[in-house]
Amino acid sequence: MLMCLAIPTQIITVSADQQGATVSIDGIQKEISLALVEEIAVGDYVLLHVGYALSKVDTVEAEKTLALFAEMKGLETMEPLK
Amino acid sequence: MNLEGRIAITLSPTEDNAHRVAINSTRPVHACQMFHGKSIDETLKALPLLFSICGTAQAAAAVRACEQALDHSPSIKSEKIRQQLVALETIREHLWRTLLGWGASLGEPLSEQTMARVMTLQQQMRKALTGDTSPFQLQPQLSPSDSLMVSTLQQQLIEIVEHSLLGISIAQWESITSLDAFWGWSKQQKTVATRFIQQLEHAGWNHLGECDSSLLPTLETELIHQQLDQADFIAQPLWKAIPRETTPFSRTQSPLLTTLYTHYGNGLLTRSVARLTELFQQLTQLLNPASQSSIATYQPSVGIGLSTAARGQLLHRVAVENSQIIRYQILAPTEWNFHPQGVVTQALQQLEPDTATVKQQASLIIHAIDPCVGYDLTLNPTGTEC
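Below, the structure is looked at part by part. (Residues numbered from 1 in each chain as written. Chains lettered and ligands numbered in written order. Predicted model: local features only at pLDDT ≥ 70, side-chain atom pairs only at ≥ 80, totals over all residues.)

### Section: the overall build of chain A
Next, step 1: From N to C terminus, chain A includes one helix and five strands.
Next, step 2: The N-to-C order of helical and strand elements in chain A reads β-β-β-β-β-α.
Next, step 3: Expressed as a percentage of the 82 residues in chain A, the buried residues total 30%.
Next, step 4: Taking the contacts inside chain A whose residues are at least 6 apart along the sequence as the reference set, 34% of them involve residues at least 24 apart. (Helix = DSSP H or I, 4+ residues; strand = E, 2+ residues; numbered from the N terminus. Buried ≥ 20, exposed ≤ 12 C-beta atoms within 10 Å, placed from the backbone. Contact = placed C-beta atoms within 7 Å.)

### Describing the overall build of chain B
Next, step 1: A tally of helices and strands in chain B yields 15 helices and eight strands.
Next, step 2: Relative to the 2.2 N^0.38 estimate, which gives 21 Å for 386 residues, the radius of gyration of chain B is 21 Å and therefore close to what a compact globule would have.
Next, step 3: Considering only C-alpha atoms, chain B reaches an extent of 60 × 55 × 35 Å along its principal axes.
Next, step 4: Counting over 386 residues, chain B shows a buried share of 47%.
Next, step 5: Partitioning the contacts of chain B with sequence separation of at least 6, the portion at a separation of at least 24 is 71%. (Rg over C-alpha atoms; globule rule 2.2 N^0.38 Å.)

### A word on the sheet that holds strand β2 (residues 19–25) of chain B
Residues and elements named next belong to chain B.
Next, step 1: Pairing in this open sheet of three strands is mixed, and the strands run β2-β1-β8 from one edge to the other. Each of the sheet's edge strands pairs with one partner strand only, and the pair in question is β2 and β8 (375–379). Across the sheet, the axes of successive neighbouring strands diverge by a mean angle of 15°, strand direction being ignored.
Next, step 2: Sheet topology places strand β1 (residues 7–13) next to β2; seven bridges connect them, and they run antiparallel. When the bridges of β2 are listed, Thr10 appears paired with Ala22. (Pairing = 2+ DSSP bridges. Axes fitted to C-alpha atoms, helices over the stretch in contact; angles between N-to-C directions.)

### A look at helix α8 (residues 192–203) of chain B
Note: α-helices contain 3.6 residues per turn, so residues at a spacing of three or four share the same orientation.
All names here are of chain B.
Next, step 1: For α8, built from 12 residues, the straight-helix expectation of 16 Å at 1.5 Å per residue is met to within 8% by its first-to-last C-alpha distance of 16 Å.
Next, step 2: Looking only at α8, the buried set comprises Val192, Ala193, Phe196, Ile197 and Leu200. What you see down the axis of α8 is that its buried residues fit within an arc of 135°, all on one side.
Next, step 3: In the core, the buried residues of α8 are packed alongside α3 (76–106), α5 (147–166), α7 (179–188) and α12 (268–284).
Next, step 4: Just downstream of α8, Gly204 is the residue with a positive phi angle, here 75°. (Expected span 1.5 Å × (residues − 1). Arc of directions from axis to C-beta.)

### A short note on unusual backbone geometry
Next, step 1: We note that A:Glu39 has phi near 55°; this positive angle belongs to a residue other than glycine.
Next, step 2: Locating A:Glu39 in the fold gives a position in the loop between β3 (28–33) and β4 (45–49).
Next, step 3: Although it is not a glycine, B:Gln139 sits at a positive phi angle of roughly 45°.
Next, step 4: For B:Gln139, the position within the fold is in the loop between α4 (112–130) and α5.
Next, step 5: On the neighbour-count criterion, B:Gln139 (11 C-beta atoms within 10 Å) is exposed.

### Structural notes on helix α15 (residues 358–369) of chain B
Residues and elements named next belong to chain B.
Next, step 1: Here α15 contains 12 residues, and its C-alpha end-to-end distance of 17 Å stays within 8% of the 16 Å for a straight helix at 1.5 Å per residue.
Next, step 2: Taken as a whole, α15 has its buried residues at Gln361, Ala362, Leu364, Ile365, Ile366, His367, Ala368 and Ile369.
Next, step 3: Where α15 is buried, its residues touch β1, α3, α12, α13 (333–337), α14 (343–349) and β8.

### Some details on the environment of A:Val42
Residue and element names in this part refer to chain A.
Next, step 1: Along the chain, Val42 turns up in the loop between β3 and β4.
Next, step 2: Under the C-beta neighbour-count criterion, Val42 is labelled exposed, with 11 such atoms within 10 Å.
Next, step 3: It is 5.6 Å that separates the C-alpha atoms of Val42 and Thr13, two residues lying 29 residues apart in sequence.
Next, step 4: With residues near it in sequence (within four places) discarded, Val42 still touches Ile11, Ile12, Thr13 and Val14.

### Things to note about the environment of B:Leu88
Residues and elements named next belong to chain B.
Next, step 1: Mapping Leu88 onto the fold places it in helix α3.
Next, step 2: Considering only alpha carbons, one finds Leu88 and Ala362, 274 residues apart in sequence, at a separation of 29 Å.
Next, step 3: With residues up to four places along the chain from it excluded, the contact list for Leu88 reads Gln122, Met125 and Arg126.

In structure tokens, the structure reads:
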């Protein structure tokens with residue numbers, strides 16, 4: 001489960017009682033709780049923390065953030081500062 | 001690769017009734033190299049977007065590092081607002097751990113409505129402190145805070161804490177300094193906090209995870225810069241060749257904590273009460289938070305910024321040339337605490353094998369030290385290498 005990085009995750013389905021939702025993380029569907037946020041709909045982006053949606057992220061900001069994460073991938077080498 | 005990486009923890013029993021602990025991390029600790037070549041403004045805007053739980057503490061460390069590199073001094077007001085927002089984030093995280101984490105450990109229905117209320121209050125408080133402006137930019141132009149609203153919201157948070165965790169007022173809690181008074185409180189009051197503490201007591205887990213960890217001291221300027229120049233320091237930091245701990249326990253002091261430490265060492269009980277104590281201290285000091293310690297300037301155009309996230313000390317270092325970032329480093333508390341020989345390893349080594357609850361015990365210890373980190377815990381009952 002995503003813990004630390006603010007990777008926006010898109011809502012795929014919302015349960016009838018609005019308390020749960022399905023998201024897709026790395027191609028795997030997961031159930032999350034919507035107990036801590038209000039007015040979440042299918043297609044919205046949310047930030048997750050240990051199985052809960054923490055907050056809703058607007059689409060423009062979510063896309064900007066996802067672009068940053070895409071840039072982050074593969075940056076695992078480092079040389080000492082001269 | 002999973003973008004966040006994972007920490008894999010494997011416990012293997014040893015012949016002397018303890019555990020060998022192996023910690024392997026794939027956390028992308030150098031991913032902030034993505035900021036190399038970007039402008040400072042661009043970086044300060046982008047960086048808080050990357051972190052969900054400690055985004056405010058990250059933003060504070062980032063702007064402080066950039067200010068030092070550019071030889072800018074923030075206004076007293078900017079720094080105060082930053083500290084208030086970081087404290088607010090820490091309060092939310094401690095409430096998350098206690099209301100939801102301890103509730104889950106007890107198998108109780110979770111206090112989700114209360115936590116939802118906390119998060120709403122946090123957002124309202126943030127708005128009352130800064131309006132639509134951000135203190136995490138260079139030379140920020142801040143809206144005046146709505147002091148009356150901030151005080152009102154603080155009082156509402158205090159009421160939640162006193163009702164949901166303490167059962168008494170914070171002032172009454174602060175007067176508890178003896179073991180008798182502490183155990184009396186935990187038996188008389190019926191809150192998720194007292195039930196969690198009673199659970200530790202009944203299970204005989206007050207000492208669980210007690211170890212000789214070494215606390216992270218004040219970082220000396222020249223040495224920390226030299227260390228940060230070493231390629232492997234960020235991933236597995238040692239200070240003066242010793243793994244160090246940076247947690248609520250390592251930075252919180254009170255007469256009650258002194259009493260508990262004397263009797264129970266740095267085991268689960270003392271760590272849990274340290275989290276509670278810091279929550280109450282930060283909440284009551286929210287209008288006038290303590291200032292953040294800093295590291296002196298070492299060389300031109302290079303800056304270090306510190307902030308105290310809920311899980312421990314964050315350090316950012318930036319090097320700037322022609323208004324562009326040529327080097328960005330983040331040293332997170334997780335790398336100190338989950339060092340292969342660090343406090344988590346030392347605490348887990350003490351667990352007795354062959355008990356039905358060893359996995360539960362290990363999870364409680366890990367969450368008491370750092371509840372944010374994503375980890376996979378594996379028990380290796382044969383003791384063979386994984």
